[in-house]
Amino acid sequence: MTNSLAQEAGIQPAAVGITQAFEAAVREHQAMVYSVVYHFLQDRSAAEELAQEVFLELFRHWHEIESRAHRVYWLRKVASRKCIDQTRRRKFRNHVSLEETPEPFTWMPATDPLLKRYIEQLLGKLQDVPRMIVILRYQEGLEPAEISELLEMPVATVKSHLQRSLALLRKKLSFVSPEEKP
Amino acid sequence: MRWLLFFVLVLVPALASGQALKLDSLDKLAAKASDTVKVSLDGGLLRLAARFLSADEPEEAQIKELVKQLKGVYVRSFEFSKSGDYLDSDLDAIRSQLRDAAWKPIVEVHNKNDRDNADIYVKEQGDHFTGVAIIVAEPRELTVVNIDGVIDLDGLAKLAGNFGIPDEIRIKVERKRK
Amino acid sequence: MTDFEDQLRRAFERQEPSADFADRVVARASRPVKVAMYRYGRKWLSSAIAAALIVALGGGYAWERHRQGEEARAQLIQAMEITSSKLEKIHKKVQGALR
């Protein structure tokens, strides 16, 4: 554990083992990592398993982390990569395209848990990379340039994926919200 | 003499086969565009892409089949924040290539007032299409697509179901086979 | 952000994992790793490290190739989607022109 990281965390480096600092990091960032993975995989137990792997990798690379900001960036990057790798193993591949997903039958208010669940399901129908881009944009509030650096792809590609994904999602959601109706 | 014959037999079919359009002249528009999509997949990269397509997903399986005989897939698509950010003359280099005798226009929709134009060209060799070029030029969006290689007519017709290729185009393809 | 994007933000709010998640992670991280290799001496250890490096380097190349393949696949699908959407647009233009 570096002195800089311990100092940033307000902890005296001489008095703390790596395990305690690591535990503090897990508790601080578990919601972020778990949510990225859960929204991507749409399976709670699989998400916890994969989120655990992300943190175990953090433990293995603890000495490389230079600051809290670096840690957040590192966790998002590893979580994204592991999620996309997971779909490449076809474990959570969805077989129903977004276009084939049936719409709900009645209008639901935006805060309704059913609508929230429906939106999550729609997200699950997107392909892996666009799905992760939507999660990083709307869960983590990242700008396209930040997403581009995280996923190691051109900004134009990120924007293109975002634009098309939003168009698809909007099309599926347009009739459920009264303000979208002509 | 035998060597010469060998090279002719090898080279002539290769030369006669479809050649990709040169789209580089459009790349300068990226500087003015608010959004740019640039795809250039050919040779090893196209084959690599095809290997990563899923045989379990219907659309990807169809693309995988279509791509088998393709040499390249090229897209340049630009969105602009205001009309007039690109000129008709920016397409001159593309259109001059399409004036070659090998290319035949099969759809031309031109609206001079709105600058809202669309063209589809095909390249034929015997019973096969060896190239497709699509140009859609709108006030704030410009897209050029070039697919190079032997295009399977049945495959293209099947793709219509998933990707919304209009019936008119599909019918044109089927009539061509007869 | 638009109302629609606000809707997405609310739908994708962060959630907590199970209550004992952190405890389980720390427990796994703290497990001792058994290493039994000195029986065969330093020479074996050097060879093992060299082999591991080769695998790691090869794995790095394989990862890069895999990443390239996925990016190429995404581009190919995007190209086909653009092609189909433009053809649909042309269809509408043709229909409009024929009226």
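Residues numbered from 1 in each chain as written. Chains lettered and ligands numbered in written order. Predicted model: local features only at pLDDT ≥ 70, side-chain atom pairs only at ≥ 80, totals over all residues.

### Some words on the packing of helix α7 (residues 144–151) of chain A against helix α8 (residues 155–173) of chain A
All names here are of chain A. For the record, the criterion: Whenever a helix is involved, its axis is fitted only over the stretch in contact; in every case the axis is a line through C-alpha atoms, and angles between N-to-C directions fall within 0 to 180 degrees. Starting at the N terminus, helices and strands are each numbered in turn, a helix being any DSSP run of H or I of at least four residues and a strand any DSSP run of E of at least two. Roughly parallel covers angles under 35 degrees, roughly antiparallel covers those over 145, roughly perpendicular covers 65 to 115, and oblique covers all other angles. When the near helix sits turned anticlockwise from the far one by under a right angle, the crossing is termed left-handed; a clockwise turn instead gives a right-handed crossing. Note on contacts: residues are paired as contacts if their backbone-placed C-beta atoms lie within 7 Å. Ten residues, namely Ala, Val, Leu, Ile, Met, Phe, Trp, Tyr, Cys and Pro, are considered nonpolar, four, namely Asp, Glu, Lys and Arg, are considered charged, and the remaining ones, Gly among them, are considered polar.
For the pair α7 and α8, interaxial distance at closest approach is 8 Å and the crossing angle is 110 degrees. By the angle between their directions, the pair α7 and α8 is classed as roughly perpendicular. In the packing of α7 onto α8, the handedness of the crossing is right-handed. Seen from α7, the contacting residues are Pro144, Ala145, Ile147 and Ser148; seen from α8, they are Val155, Val158, Lys159 and Leu162. Class assignment for the residues of the contact of α7 with α8 results in 6 nonpolar, 1 polar and 1 charged.

### Considering helix α2 (residues 18–41) of chain A
Applied cut-off: Fitting axes to the seven residues ending at a residue and to the seven starting there, one defines the bend at that residue as the angle between these axes.
At histidine 29 of chain A, α2 of chain A is bent by approximately 60 degrees, the largest bend along its length. Positioned one or two residues after α2 of chain A, glutamine 42 of chain A has a phi angle of 60 degrees, which is positive.

### Let's talk about the interface of chain B and chain C
Between chain B and chain C, the contact holds 27 residues from the first and 23 residues from the second. For the side of chain B that touches chain C, the secondary structure elements donating two or more residues are β1 (35–42), α2 (43–51), β2 (70–79), β3 (103–109), β4 (117–125), β5 (128–138), β6 (141–151) and α6 (167–177) of chain B. When residues in the side of chain B that touches chain C are grouped by element, the largest group, 4 residues, is from α2 of chain B. Looking at side-chain class alone, the side of chain B that touches chain C contains 22 nonpolar, 3 polar and 2 charged residues.

### Describing helix α2 (residues 21–30) of chain C
What counts here: Residues with at least 20 other C-beta atoms within 10 Å of their own are called buried, those with 12 or fewer are called exposed, and the rest are partly exposed. The C-beta atoms themselves are positioned from the backbone. Along the arc lie the directions from the helix axis toward the C-beta atoms.
Residues of α2 of chain C that are buried include every one of Phe21, Ala22 and Val25 of chain C, and no others. Angular distribution of buried residues about the axis of α2 of chain C spans 95 degrees; they occupy a single face of the element. Of the exposed residues in α2 of chain C, the ones pointing more than 90 degrees away from its buried face are Ala27 and Ser30 of chain C. Check the buried side of α2 of chain C and you find it contacts α2 and α3 (44–60) of chain A.

### A word on the packing of α3 of chain A against α2 of chain C
Running from amino to carboxyl end, α3 of chain A crosses α2 of chain C at an angle of 50 degrees, the nearest separation of the two axes being 10 Å. As judged from the angle between their axes, α3 of chain A and α2 of chain C are oblique. Pair α3 of chain A / α2 of chain C crosses with right-handed handedness. Across from Glu48, Gln52, Phe55, Leu56 and Phe59 of chain A in α3 of chain A, the residues of α2 of chain C making contact are Phe21, Arg24, Val25, Arg28 and Ala29 of chain C.

### Regarding the confidence of the model for chain C
Rules: Per-residue confidence from the predictor is reported as pLDDT, a score between 0 and 100.
The share of residues in chain C with pLDDT of 70 or more is 62%, and the mean pLDDT across the chain is 72. Least confident of the elements in chain C is helix α3 (residues 41–98) of chain C, whose mean pLDDT is 68; most confident is α2 of chain C, at 90.

### Thoughts on the pairing of β6 of chain B
All names here are of chain B. Filter applied, for reference: Following DSSP output, two strands are said to pair if at least two bridges run between them.
Taken across its 11 residues, β6 has 9 buried, putting it largely inside the fold. Bridging between β2 and β6 involves 9 bridges; their strand directions are antiparallel. Bridging across to β6, valine 75 finds its partner in valine 145. Pairing of β5 with β6 involves 9 bridges; the strand directions are antiparallel. Note that in β6 the partner of isoleucine 135 across the bridge is valine 144. The turn linking β5 back onto β6 is made up of 2 residues.

### Topic: unusual backbone geometry
Residue and element names in this part refer to chain A. One non-glycine residue, glutamine 42, lies in positive phi territory at about 60 degrees. Inspection of the secondary structure puts glutamine 42 in the loop between α2 and α3. At glutamate 152, a residue that is not glycine, the phi angle is positive and equals roughly 55 degrees. By the element assignment, glutamate 152 lies in the loop between α7 and α8.

### Quick look at the sheet that holds β2 of chain B
Think of a sheet as strands paired side by side through backbone hydrogen bonds, with each pair either parallel or antiparallel. All names here are of chain B. Pairing is antiparallel across the open sheet formed by 6 strands, whose spatial order is β1-β2-β6-β5-β4-β3. The open sheet has two edge strands, β1 and β3, and neither has a second partner. Shown here is a sheet whose adjacent strand axes are inclined to one another by a mean of 10 degrees, direction ignored. One ladder, built from 8 bridges, connects β1 with β2; its direction is antiparallel. By the bridge assignment, lysine 38 is partnered in β2 with arginine 76.

### Considering the environment of lysine 123 of chain B
As for its placement among the helices and strands, lysine 123 of chain B is situated in strand β4. Residue classification places lysine 123 of chain B among the buried positions, given that 23 C-beta atoms sit within 10 Å.

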